[in-house]
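Each chain, written out:
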Amino acid sequence: MKSSYFAKGLPTVGRWVATTLFLLSAIAFVWQGAFFANASALAAPAGTLIAAADAGSQVKGAADDVKQGSRNVIRSAEDSVKRAARQNASKVDQADDEGSFVERKAKRDRDRIEQRASEDADRTERAAEKSMNAVERAVDNIKDAFSD
């Protein structure tokens with residue numbers, strides 16, 4: 001039995017229809033999820049403004065926590081760099097008993113490393129504080145915009 005001309009193309013048409021339905025259902029699923037992700041905001045828009053004011057306080061509190069944490073991390077890094085420089089200078093000092101050029105250079109390097117570690121820590125801390133202050137100012141500006 002010979003298959004007709006239309007019967008030969010039927011599987012191809014079926015695959016195209018199935019693919020089209022699958023893509024349309026995927027688009028509809030993504031579309032629906034994107035517009036209804038925050039259903040509580042649609043139900044009570046006035047409540048979200050109150051929550052936004054409270055969120056601003058939480059963000060400022062979190063910024064203070066980050067500022068203090070970054071300060072601790074920066075000072076800890078500074079201390080570890082200084083400790084490593086002291087340990088290296090002390091190893092050179094122990095290896096050389098007569099105060100040679102190498103020992104003097106190791107001590108100069110230790111002093112220079114400690115000085116640069118302090119300068120870098122101060123500079124990094126100022127930059128971290130500056131960025132956290134910018135975050136706090138932005139939160140204040142947003143809160144002011146919503147309170148008017």
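Heads up: the structure comes first, above all this text.
Residues numbered from 1 in each chain as written. Predicted model: local features only at pLDDT ≥ 70, side-chain atom pairs only at ≥ 80, totals over all residues. Heavy atoms only, no water.

### A look at the overall build of the protein
When helices and strands are counted, the protein shows four helices and zero strands. Counted from the first residue to the last, the protein has its helices and strands arranged as α-α-α-α. Across the 148 residues of the protein, 14% fall into the buried class. Relative to all contacts within the protein whose residues are 6 or more apart in sequence, the contacts with residues 24 or more apart total 79%. On the protein, roughly 11600 Å² of surface is accessible, and the fraction owed to carbon and sulfur atoms is 62%. (Helix = DSSP H or I, 4+ residues; strand = E, 2+ residues; numbered from the N terminus. Buried < 20%, exposed > 50% of the residue type's maximum accessible area, 1.4 Å probe, protein only. Contact = heavy atoms within 4.5 Å. Areas by Shrake-Rupley, 256 points an atom, 1.4 Å probe, with all protein chains shown as cover.)

### Description of the side chain of glutamate 125
Note that glutamate 125 resides in helix α4 (residues 101–147). Non-local contacts of glutamate 125, meaning those with residues more than four positions away in its chain, are made with Arg71, Ile74 and Arg75.

### Considering α4
It helps to recall that an α-helix has 3.6 residues per turn; residues three or four apart then point in one direction. Between the first and last C-alpha of α4 there are 68 Å, a value that for 47 residues agrees with the 69 Å anticipated at 1.5 Å per step. Taken together, the buried positions of α4 are Glu103, Ala106, Glu114, Ala117, Ser118, Ala121, Glu125, Ala128, Met132, Glu136 and Val139. (Expected span 1.5 Å × (residues − 1).)

### Quick look at the pattern of salt bridges
Oppositely charged side chains can pair when the atoms bearing their charge come close. Going through the model one piece at a time under the given rule, you end up with 12 salt bridges. Across the pair arginine 75 and aspartate 122 runs a salt bridge whose closest N-O atoms are separated by 2.7 Å. Separated by 47 residues along the polypeptide, arginine 75 in helix α3 (residues 45–95) and aspartate 122 in helix α4 bring together distant segments of the chain. Taking relative accessible area as the criterion, aspartate 122 reaches 32% and is therefore assigned partly exposed. Note that arginine 110 is salt-bridged to aspartate 111, the shortest N-O span being 3.2 Å. The partly exposed category is assigned to arginine 110, whose relative accessible area is 23%. Overlapping salt bridges, with partners in common, bring together Arg71, Arg75, Glu78, Lys82, Asp122, Glu125 and Glu129 in one network. (Salt bridge = Lys/Arg side-chain N within 4 Å of Asp/Glu carboxyl O.)

### A look at a nonpolar patch on the surface
On the surface, Val13, Val17 and Leu21 cluster together into a nonpolar patch covering about 280 Å² of accessible area. With respect to the secondary-structure elements, leucine 21 resides in helix α1 (residues 5–35). Given a relative accessible area of 56%, leucine 21 falls into the exposed group. (Patch = residues over 30% accessible without salt bridge, like charges linked within 9 Å, V, L, I, M, F, W, Y side chains within 5 Å.)

Any functional reading would require information that these geometric values do not contain.
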